[in-house]
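Listed below are the residues making up each chain.
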Amino acid sequence: MLQTIWSLRVFDLVFVLTRGGPADGTVLLNFLAYRVTFNFLNIGSGAAIANVIFAMSFLLALLYIWLLQPSRKSATA
Amino acid sequence: MSLLRSSLGTRTAEAGVILGLVVFVTWSAATIVWLLLSSILPQLSLIDQPPDISFVHWTLDNYITVIGSAAALGRGMLNSFIVAAFTTAMALALGAPAAYALARLSVPRSGTVVLLILATQMLPAIAIAISALHRYQPPRAHRHAFRADRGLPVVQPADRDLDSQRFLSGCPRRAGACSGGGRRRTDPHLLDDRAADLHPHPSALPPFSPLSSPGTNSSSR
């Protein structure tokens, strides 16, 4: 689950290697937020995308905590 | 007297800890608060000096715009989920058996193996780009640009080279956002500027080729 959350935050490799190409094939959400904010200078939309990423990661983190709850683990055992 | 001094010292220490915590939380939360404010404020309020963050300007237009552009957001979301799913699957498939073996079984030189696994984490991920620089040849579009930089005759690049330039610049081939050798544009009316495509500025090109070459596009031919 942590790996999934970290993978959602990948930015550096995309920026250095492909810059989102070919034909937007490697545009991840983080890179989309960067492109909208700094290339298209649409700060508000970039921030909105960043908040969408935050919400998704937060939901995954909640799921992660729920799955690792001691009561749930003992119930399944 | 000494009791009073001791009590005063304890209270001062507590106050210092609380003050430090307040500063730390404020410093950490400021980024998130500003991100939230940026997403609910219009562009004009954001670029104002100082930024106008009054409640009357708050709007959800940015979220509506982002959700409305479902193609871009959906594509980014899909790519992110593909990357996340594959990395998680690979981490589970390779990491779980390895972790079990190293933790529960008597593996010879397990300490060295753990050190080697940790060593891969010490290597910055960006190092992949450095190895890619040596492994992959630059496309012909680069050679045209370098030749032009030295003052030699410029060879008109083929459409495939134009695709390469767009690819290197991160521009979609359908010309939705920008065109022309790394010069990004926000004005969609400037997208058909073929002259800029044929003579890109060399400084606009990244110094190495990416991991895959763009496919051919029948519409661009």
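Residues numbered from 1 in each chain as written. Chains lettered and ligands numbered in written order. Predicted model: local features only at pLDDT ≥ 70, side-chain atom pairs only at ≥ 80, totals over all residues. Heavy atoms only, no water.

Undergrad: How should the overall build of chain B be read in this particular structure?
TA: Summing up its helical and strand segments, chain B has nine helices and zero strands in all. For chain B, the succession of helices and strands along the chain, N to C, is α-α-α-α-α-α-α-α-α. Counting every position in chain B, which comprises 221 residues, the buried fraction comes to 25%. Put simply, 43% of the contacts in chain B that link residues at least 6 apart link residues at least 24 apart. Carbon and sulfur atoms form 68% of the exposed surface of chain B, whose accessible area is close to 15100 Å². (Helix = DSSP H or I, 4+ residues; strand = E, 2+ residues; numbered from the N terminus. Buried < 20%, exposed > 50% of the residue type's maximum accessible area, 1.4 Å probe, protein only. Contact = heavy atoms within 4.5 Å. Areas by Shrake-Rupley, 256 points an atom, 1.4 Å probe, with all protein chains shown as cover.)

Undergrad: Looking at this structure, I do not really get the overall build of chain A. What am I missing?
TA: For chain A, the helix and strand inventory stands at five helices and zero strands. Each helix and strand of chain A, placed in order from N terminus to C terminus, yields the pattern α-α-α-α-α. Relative to its 77 residues, chain A shows a buried fraction of 42%. Excluding contacts between residues fewer than 6 apart, the proportion of contacts in chain A whose partners are at least 24 apart in sequence is 29%. Roughly 3900 Å² of accessible area belongs to chain A as shown, and the carbon and sulfur atoms make up 71% of that amount.

Undergrad: Help me understand helix 3 (residues 29-39) of chain A in this model?
TA: An α-helical segment advances 3.6 residues per turn. Residues three or four places apart therefore align on the same side. Along helix 3 of chain A, eight of the 11 residues are buried, which leaves the element largely enclosed by surrounding structure. Where helix 3 of chain A is buried, its residues meet helix 2 (12-17) and helix 4 (43-67) of chain A together with helix 4 (70-104) of chain B. Where helix 3 of chain A terminates, the next one or two residues include A:L41, which has phi positive at roughly 55 degrees.

Undergrad: I keep staring at the nonpolar core and nothing clicks. Help me out?
TA: Generally speaking, a soluble globular protein has its nonpolar side chains buried in company with each other. Core analysis: the largest hydrophobic core is formed by 24 residues, its most contacted members being A:L8, A:L29, A:L32, A:I49, A:M56, B:V66 and B:L73. At the level of elements, helix 1 (2-8), helix 3 and helix 4 of chain A together with helix 1 (2-40), helix 3 (61-68) and helix 4 of chain B are the ones that each hand at least two residues to this core. Top contributing element to this core by residue count: helix 4 of chain A, with six residues. (Core = buried A, V, L, I, M, F, W, Y, C linked by side-chain atoms within 4.5 Å.)

Undergrad: Is there a simple way to think about unusual backbone geometry in this case?
TA: Keep in mind that most residues, glycine aside, have a negative phi and that most peptide bonds are trans. In this model, A:L41 sits at a positive phi of 55 degrees, which is unusual for a non-glycine residue. Of note, A:L41 is situated in the loop between helix 3 and helix 4. Of note in this structure, B:R109 is not a glycine but carries a positive phi near 55 degrees. Tracing the chain through its elements places B:R109 in the loop between helix 4 and helix 5 (110-122).

Undergrad: Sorry if this is basic, but what is going on with the side chain of A:T37 here?
TA: All names here are of chain A. Among the structural elements, T37 can be located in helix 3. A polar contact of 2.7 Å, which involves the side chain of T37, links it to the backbone oxygen of A33. Contacts of T37, omitting those with residues within four sequence positions, involve N42, I43, G46 and A47. (Polar contact = N/O pair within 3.5 Å; in protein donor to acceptor, adjacent residues only side chain to side chain.)

Undergrad: Looking at this model, I keep getting lost on the confidence of the model for chain B. Mind explaining?
TA: Any region with low pLDDT has predicted coordinates that should not be read closely. Residues and elements named next belong to chain B. For chain B, mean pLDDT is 70; residues scoring 70 or higher make up 56% of the total. Confidence scores differ between elements of chain B, with helix 9 (residues 194-198) showing the lowest mean pLDDT of 45 and helix 4 the highest of 87. Residue range residues 143-157 is modelled with pLDDT below 50. Its contacts to residues more than four positions away, or to other chains, number 16 contacts. Overall, residues 179-221 carries pLDDT values under 50, and its contacts beyond four positions in sequence, including any with other chains, amount to 93 contacts. If you check the scores for this complex, the pTM reads 0.58 and the ipTM reads 0.78. (pLDDT = per-residue confidence, 0-100.)

Undergrad: Even after reading the chapter, I still don't get the packing of aromatic side chains, so can you show me in this structure?
TA: For any pair of aromatic rings, the description consists of the separation of the ring centres together with the inter-plane angle of the planes. All names here are of chain A. Evaluation of the coordinates by the stated rule reveals nine aromatic pairs over all chains. Ring geometry for F31 versus Y34: centroids 5.8 Å apart, planes at 40 degrees, classification tilted. Separated by three residues within a single helix, F31 and Y34 lie in helix 3, roughly one turn from each other. A residue is classified by how much of its surface remains accessible, and F31, at 2% relative accessible area, is buried. A residue is classified by how much of its surface remains accessible, and Y34, at 24% relative accessible area, is partly exposed. Taken together, the ring pairs in this structure connect F11, F15, F31, Y34 and F38 into an aromatic cluster. In this arrangement the basic side chain of R19 is found over the ring face of F15, its NZ or CZ atom lying 4.8 Å from the centre. (Phe/Tyr/Trp six-rings, centres within 6.5 Å; stacked < 30°, edge-to-face > 60°. Lys NZ or Arg CZ within 6 Å of the ring centre and 35° of its normal.)

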